[in-house]
Amino acid sequence: MKNTPEDLAAIPLFDIPVAAGFPSPAENSIEQKLDLNCHLIKNPAATFFLRVSGDSMQGAGIHNNDLLIVDRSLEPLSGRIVIASVNGELTVKRLKREGPKWWLVPENSKYPPIDITEEMELRIWGVVTYAIHSSL
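Residues numbered from 1 in each chain as written. Predicted model: local features only at pLDDT ≥ 70, side-chain atom pairs only at ≥ 80, totals over all residues. Heavy atoms only, no water.

## Section: the sheet that holds strand β5 (residues 81-86)
Stated precisely, the cut-off is as follows: At least two bridges found by DSSP between two strands is the condition for calling them paired. Comment: elements are numbered from the N terminus, with helices defined as DSSP H or I runs of at least four residues and strands as E runs of at least two.
Spatially, β3-β4-β9-β5-β6-β7-β8 is the arrangement adopted by the seven strands of the open sheet, whose pairing is antiparallel. Looking at strand neighbours, the two that pair on one side only are β3 (47-51) and β8 (114-115), the edges of this open sheet. With five bridges connecting them, β3 and strand β4 (residues 67-71) associate as antiparallel partners. The partner of Phe48 across the bridge, within β4, is Val70.

## Description of the layout of surface pockets
A probe matching the size of a water molecule, rolled over the atoms, marks out where space remains unfilled. Rules: As defined here, a cavity is a set of points on a 1 Å grid over the protein atoms alone where a 1.4 Å probe fits but cannot get out. A pocket is an open set with protein on both sides within 12 Å along at least five of seven lines, and residues line them when an atom is within 4 Å of a point. Grid points are joined across faces, edges and corners, and a volume is the space filled by probe spheres set on the points. Note on residue categories: nonpolar means Ala, Val, Leu, Ile, Met, Phe, Trp, Tyr, Cys or Pro, charged means Asp, Glu, Lys or Arg, and polar means any other residue, Gly included.
The computed volume of the largest pocket comes to approximately 270 Å³. Val52, Ser53, Leu90, Thr91 and Val92 are the residues nearest the centre of the largest pocket, which is lined by 16 residues in total. For the lining of the largest pocket, the secondary-structure elements that each account for two or more residues are β3 and β6 (89-98). Per element, the largest residue contribution to the lining of the largest pocket is four residues, and it comes from β6. Looking at side-chain class alone, the lining of the largest pocket contains nine nonpolar, four polar and three charged residues.

If you want it as structure tokens, here you go:
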């Protein structure tokens, strides 16, 4: 059976912290329903999702097959993780500025930074706000 958007919009929220040490009782702790859209998406009209392919951003906690939430309304400032189109190919990298020079920097030492030059076709699609991944 497939869930409808109405089924997924409001999921029970247990209003107690989960113990990372000793277990804690959770009985009768459902306080409200939680709509993840309210917490993860600030600008719905400017937000989109992308699936990650590759490991160039694993140092930032972004892994292969993660789902990224991207906000096009946020300014792509130095230090932010962005979705960029470089010569027609999409990539996720950290945007970095050093003086007048801009780079797209991976978070995995196996990959080199991308030097942004005037010759390349570059378009910033948006700023990554969240990465959702499965621990399974």
